Amino acid sequence: MIRLIYTLLGFALLSCGSTGTKENGASQGITKQPTKTAAAPVFDADSAYTYVANQVAFGPRVPNTPAHKACGDYLAAELQRLGAKVYQQEATLTAYDGTRLEARNIIGSFDAANSERILLFAHWDSRPYADHDPDPAHYKTPIDGADDGASGVGALLEIARQIGQKKPNVGIDIIFFDAEDYGTPEFVNSFTPNSWCLGSQFWAKNPHVPNYTARYGILLDMVGARGATFFKELQSLRFAAPIVEMVWSVARDLGYGKFFINADGGAITDDHQYVHAGRNIPCIDIINYDPETKSGFADYWHTRKDNMENIDKETLKAVGQTVLEVIYRE
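Criteria and cut-off values
- Residues numbered from 1 in each chain as written.
- Predicted model: local features only at pLDDT ≥ 70, side-chain atom pairs only at ≥ 80, totals over all residues.
- Heavy atoms only, no water.
- Core = buried A, V, L, I, M, F, W, Y, C linked by side-chain atoms within 4.5 Å.
- Buried < 20%, exposed > 50% of the residue type's maximum accessible area, 1.4 Å probe, protein only.
- Contact = heavy atoms within 4.5 Å.
- Helix = DSSP H or I, 4+ residues; strand = E, 2+ residues; numbered from the N terminus.
- Axes fitted to C-alpha atoms, helices over the stretch in contact; angles between N-to-C directions.
- Parallel < 35°, antiparallel > 145°, perpendicular 65-115°, else oblique.
- Nonpolar A, V, L, I, M, F, W, Y, C, P; charged D, E, K, R; others polar.
- Expected span 1.5 Å × (residues − 1).
- Bend = angle between axes of the 7 residues up to and from the residue.
- Polar contact = N/O pair within 3.5 Å; in protein donor to acceptor, adjacent residues only side chain to side chain.
- Left-handed = near helix turned anticlockwise from the far one by under 90°.
- Phe/Tyr/Trp six-rings, centres within 6.5 Å; stacked < 30°, edge-to-face > 60°.
- pLDDT = per-residue confidence, 0-100.
- Pairing = 2+ DSSP bridges.

J.: Would you mind going over the nonpolar core with me for this structure?
T.: In globular proteins that are soluble, nonpolar side chains generally tend to be buried together. With 64 residues, the main nonpolar core has F176, F260 and I286 as its most contacted residues. Those residues in contact with F176, other than ones at most four positions away along the chain, are L75, L79, R104, N105, I106, A122, W124, V153, L156 and L157. Core analysis: the next-biggest nonpolar cluster, separate from the first, contains 14 residues, I107, F177, A204 and C283 among them.

Structure representation (structure tokens):
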């Protein structure tokens, strides 16, 4: 996940990595509502929490490491077990410093024959650098990424489990993007543009099925922290405002207004930007934003403290149940 960059039209611009990165974009669209909706299943926060812990147990999921490969195998196998048609995109991507990353996007499609689709996504890799750690000696230490990475994937796996048991009216694609968090670190003087979100950049140019499209997309990034607040991300509002308003309205209907804040937040360079730019799918980013901090993110962000101690089942429940309600209202 990225971080705070500059002020744009009065909003703080944030980014995936360090000083200046998670970049722009989506396109507005109004969804067609079927005449009959299905009741949403109950999101199991205990199950989602376990999915988060299972990922963290592999260790940092940094590309080119055994932990990364093992966790990727687990995620693909779990999606298949839950009833998805699984696609795996393997690609060698180039990091900001020229490192060749053996990356893998993992896609699970439910009701693949249905032409009406919704896209849900998160990144599954973790940051190779604790470049916001209070101790500079640990800047090059890989982090657990319990919230920044694993929480979004954990929530989506639980959503996949529910979809596998009760099919909604629309087809659902769940994508776990790789190499999101390998962007230019704080300790490097020169910033490399588009060095974050490499997996989604690749997928946007090379979708898992030809001419892929969806009504809209929802990105989950850092959605598991205790006391998290989800403001309306600026790029989401710019390119998919009707989707933002729909999701935040559903959250309020469900009683999750203390999490889904009815106010504008920062603009964040994140996977949703590249999905929109490359596929013209209106996308929103549900991401924990703290206007009181310098970075715009929690104090453990991109530090060694991004571990399971921060993960809270109540937050996972608020996000997961909201997303389930949105897709089952279609």
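So, next bit.
J.: So what exactly am I meant to see when it comes to unusual backbone geometry here?
T.: Positive phi, normally seen in glycine, also occurs at N64, with a value near 80°. Relative to the assigned elements, N64 resides in the loop between helix 1 (45–57) and helix 2 (66–81). In this structure N64 comes out as partly exposed when scored by relative accessible area, which is 42%. With phi around 55°, H302 is a residue other than glycine that occupies positive phi space.

J.: What is the right way to read the packing of helix 1 against helix 7 (residues 313–328) from this model?
T.: The angle between the axes and the distance between the axes are what describe a pair of packed helices. Between helix 1 and helix 7, whose axes approach to 9 Å, the crossing angle comes to 110°. Judged on the interaxial angle alone, helix 7 and helix 1 are roughly perpendicular. When helix 1 is examined against helix 7, the residues A45, D46, A48, Y49 and V52 are found in contact with a partner set consisting of K313, L316 and K317. Here the contact of helix 1 with helix 7 is built from residues that sort into five nonpolar, no polar and three charged.

J.: For this particular structure, what's the right way to read helix 5 (residues 234–253)?
T.: Note on helix geometry: an α-helix contains 3.6 residues per turn, so any two residues three or four positions apart are oriented the same way. Taking 1.5 Å of rise per residue, the 20 residues of helix 5 would be expected to cover 28 Å, yet its terminal C-alpha atoms sit only 22 Å apart, more than 12% below that figure. By the largest-angle criterion, A240 marks the main kink of helix 5, which is about 120°, and a proline, P242, follows within four residues. Where helix 5 begins, one side-chain oxygen reaches toward the backbone nitrogen of Q235, 3.1 Å away; that side chain belongs to E233. Of the residues trailing helix 5, G255 is marked for its positive phi of about 90°.

J.: Explain the packing of helix 3 (residues 146–165) against helix 7 to me, please; I cannot follow it from the model alone.
T.: Orientation of helix 3 relative to helix 7, taken along the N-to-C sense of each, is 45°, at an axis distance of 10 Å. In terms of orientation, helix 3 lies oblique with respect to helix 7. Judged by the twist between their axes, the crossing of helix 3 over helix 7 is right-handed. Contacts from S151, I159, Q162 and I163 of helix 3 reach helix 7 at L316, G320, V323, L324, I327 and Y328. Looking at side-chain class alone, the contact of helix 3 with helix 7 contains seven nonpolar, three polar and no charged residues.

J.: Where do I start with the packing of aromatic side chains in this structure?
T.: Think of a pair of aromatic rings as described by two things: how far the centres are apart, and how the planes are tilted against each other in angle. This structure, assessed with the given rule, holds twelve aromatic pairs. Ring plane angle 45° and centroid distance 5.7 Å describe the contact between F58 and Y74, whose orientation is recorded as tilted. Highlighted residues: F58 in the loop between helix 1 and helix 2 and Y74 in helix 2, separated in sequence by 16 residues. Its relative accessible area of 18% is what places Y74 among the buried residues. Summarising the aromatic geometry, the rings of Y129 and Y182 are spaced 6.1 Å apart at their centres and angled 70° between planes, so their arrangement reads as edge-to-face. Remark: Y182 occurs in the loop between strand 6 (171–177) and helix 4 (198–205) and Y129 occurs in the loop between strand 5 (117–123) and helix 3; sequence separation between them is 53 residues. Each of the two residues, Y129 as well as Y182, counts as buried. Three or more aromatic residues link up through ring pairs in this structure, and these residues are Y96, Y129, Y182 and F187.

J.: Just to check I follow, could you spell out the confidence of the model for the protein for this structure?
T.: Predicted coordinates in areas of low pLDDT are best not read in detail. Mean pLDDT over the protein stands at 91; residues scoring 70 or higher make up 89%. This model gives residues 2–35 a pLDDT under 50, and the stretch forms 160 contacts once residues within four places in sequence are excluded.

J.: Please explain the sheet that holds strand 11 (residues 283–287) as it appears in this structure.
T.: Through backbone hydrogen bonds, the strands of a sheet pair up, either in parallel or in antiparallel fashion. Overall, mixed pairing links the six strands, which are arranged 3-4-6-5-7-11 in an open sheet. At either margin of the open sheet sits one strand with a lone partner, and together these are strand 3 (85–94) and strand 11. In this sheet, neighbouring strand axes are inclined to one another by 20° on average, regardless of whether the strands run parallel or antiparallel. One ladder, built from three bridges, connects strand 5 with strand 7 (residues 217–221); its direction is parallel. Bridged to L120 within strand 7 is I218. Sheet strands in contact with helix 4 are strand 3, strand 4 (100–110), strand 5 and strand 6, and its direction is about 115° off that of strand 3. This element, helix 5, spans strand 7 and strand 11 of the sheet and lies at about 65° to strand 11.

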